[in-house]
Amino acid sequence: MNDKISMPISNDFCPQTLFCYGTYCADGRPDFGLFCWFSYIWDGELGVMMCIGDEKQTKDNIKRNRYFSANLVTEKMLPMADYLGNADGRDPAKISPDISVDKGQNLDVPILSESPVVFELEAVRSFPLEEGEVFFCKIINVLVDKHLADPAVPVGEKMRAIAPISTTCETYFSWGGKALGGWGEPSKNYHKN
Ligand SMILES: Cc1cc2nc3c(=O)[nH]c(=O)nc-3n(C[C@H](O)[C@H](O)[C@H](O)COP(=O)(O)O)c2cc1C
């Protein structure tokens, strides 16, 4: 049997997938933040659950509009995604024109052109906690880059091509398991125009 020790509560060593949530602000400008408390539920069909801690622009926008996008973060997107996780969306200058933004196909939501997998989501129920809020969301549409829909290409090859980022211990990891820097580090190489 392995020797085990008790640790302070954390989810260290339990990797999470990262998404940028896209929302529209009340004045019509798009906002994107970076999020990891995201998983799936089953209620007759696949759905999404996620948690937002504290007050932030993304939360205000989801509560006002119900609709948002969740854009899978890949290695190529990491400097931008880390920036989106460390800049406050209440600043109207957060999303500069060098971030390529499209629209969802089924919902009026902003999406990141660079992301190969995008959920278009409707927050159908939410439960306020003491400091955070949990949301249950219906998946209205899933958008993927065309090459991911090609049945002739093995899934391992597709995953290597998109190279999603995972994170644990406040560190980003490549699909191949290489540490890519702590939270707040990759955005140092991100030059916002
Ligand atoms: C790696 C990483 C993961 C994050 N995950 C979450 C999360 O799951 N929930 C959350 O409320 N904030 C999370 N954040 C913080 C938000 O990205 C941050 O509050 C950001 O400012 C939100 O964007 P907004 O201000 O445009 O709403 C995360 C930040 C980083 C760097």
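Please refer to the structure placed before this passage.
These numbers were taken from a predicted model, which means no experiment stands behind them. (Residues numbered from 1 in each chain as written. Predicted model: local features only at pLDDT ≥ 70, side-chain atom pairs only at ≥ 80, totals over all residues.)

Novice: Please explain the sheet that holds strand β6 (residues 67-72) as it appears in this structure.
Specialist: To summarise the sheet geometry, strands pair through backbone hydrogen bonds and adopt either a parallel or an antiparallel arrangement. Strand order in this open sheet of seven strands is β3-β2-β6-β9-β10-β5-β4, and the pairing throughout is antiparallel. Bordering the open sheet on either side are β3 (30-35) and β4 (38-42), each of which pairs with just one other strand. Averaged over all pairs of adjacent strands, the angle between their axes in this sheet comes to 35°, without regard to strand direction. In terms of strand pairing, strand β5 (residues 46-53) meets strand β10 (residues 132-144) through seven bridges, oriented antiparallel. Among the inter-strand pairings, V48 is bridged to a residue of β10, identified as C137. Together, β2 (19-24), β3, β5, β6, β9 (117-128) and β10 form the strand contacts of helix α1 (residues 57-65), whose direction differs from that of β2 by roughly 55°. (Pairing = 2+ DSSP bridges. Helix = DSSP H or I, 4+ residues; strand = E, 2+ residues; numbered from the N terminus. Axes fitted to C-alpha atoms, helices over the stretch in contact; angles between N-to-C directions. Contact = placed C-beta atoms within 7 Å.)

Novice: How should I be thinking about unusual backbone geometry in this particular structure?
Specialist: Leave glycine aside and you will find that most residues have negative phi; peptide bonds, for their part, are mostly trans. Although it is not a glycine, D54 adopts a positive phi angle of roughly 65°. Note on placement: D54 falls in the loop between β5 and α1. A count of 8 C-beta atoms within 10 Å places D54 in the exposed class. Within the chain, R66 stands out as a residue other than glycine whose phi angle is a positive 70°. On the secondary structure map, R66 appears in the loop between α1 and β6. (Buried ≥ 20, exposed ≤ 12 C-beta atoms within 10 Å, placed from the backbone.)

Novice: Explanation requested: the nonpolar core in the structure shown.
Specialist: A general trend in soluble globular proteins is that nonpolar side chains are found buried together. Within the largest apolar cluster, 32 residues are counted, with the highest numbers of intra-cluster contacts made by L18, F19, C20, Y21, V73, A81 and L84. Secondary-structure elements contributing two or more residues to this core are β2, β3, β6, α2 (78-84), β8 (110-112), β9 and β10. The element contributing the most residues to this core is α2, with five residues. (Core = buried A, V, L, I, M, F, W, Y, C linked by C-beta atoms within 7 Å.)

Novice: What's the story with the pairing of β5 in this structure? I'm lost.
Specialist: On a regular strand, each side chain points to the face opposite its neighbour's, so the side chains alternate between the two faces of the sheet. Note that β4 and β5 share five bridges and pair antiparallel. Within β5, the residue paired with S39 across the bridge is M49.

Novice: Just checking my understanding: could you explain the site of the ligand for this structure?
Specialist: With respect to spatial proximity, 17 residues lie near the ligand, and among them G33, W37, T58, G85 and G89 are the closest. The leading source of residues in the shell around the ligand is β3, at four residues. Split into classes, the residues belonging to the shell around the ligand amount to six nonpolar, eight polar and three charged. (Near = placed C-beta within 6 Å. Nonpolar A, V, L, I, M, F, W, Y, C, P; charged D, E, K, R; others polar.)

Novice: Hey, could you run me through the sheet that holds strand β11 (residues 166-168) in this one?
Specialist: Strand order across the open sheet formed by four strands is β1-β11-β12-β13, with antiparallel pairing between neighbours. Edge positions in the sheet fall to β1 (16-17) and β13 (179-182), since each has one partner strand and no second. With two bridges joining them, β1 and β11 adopt antiparallel strand pairing. Within β11, the position partnered with Q16 by the bridge is T167.

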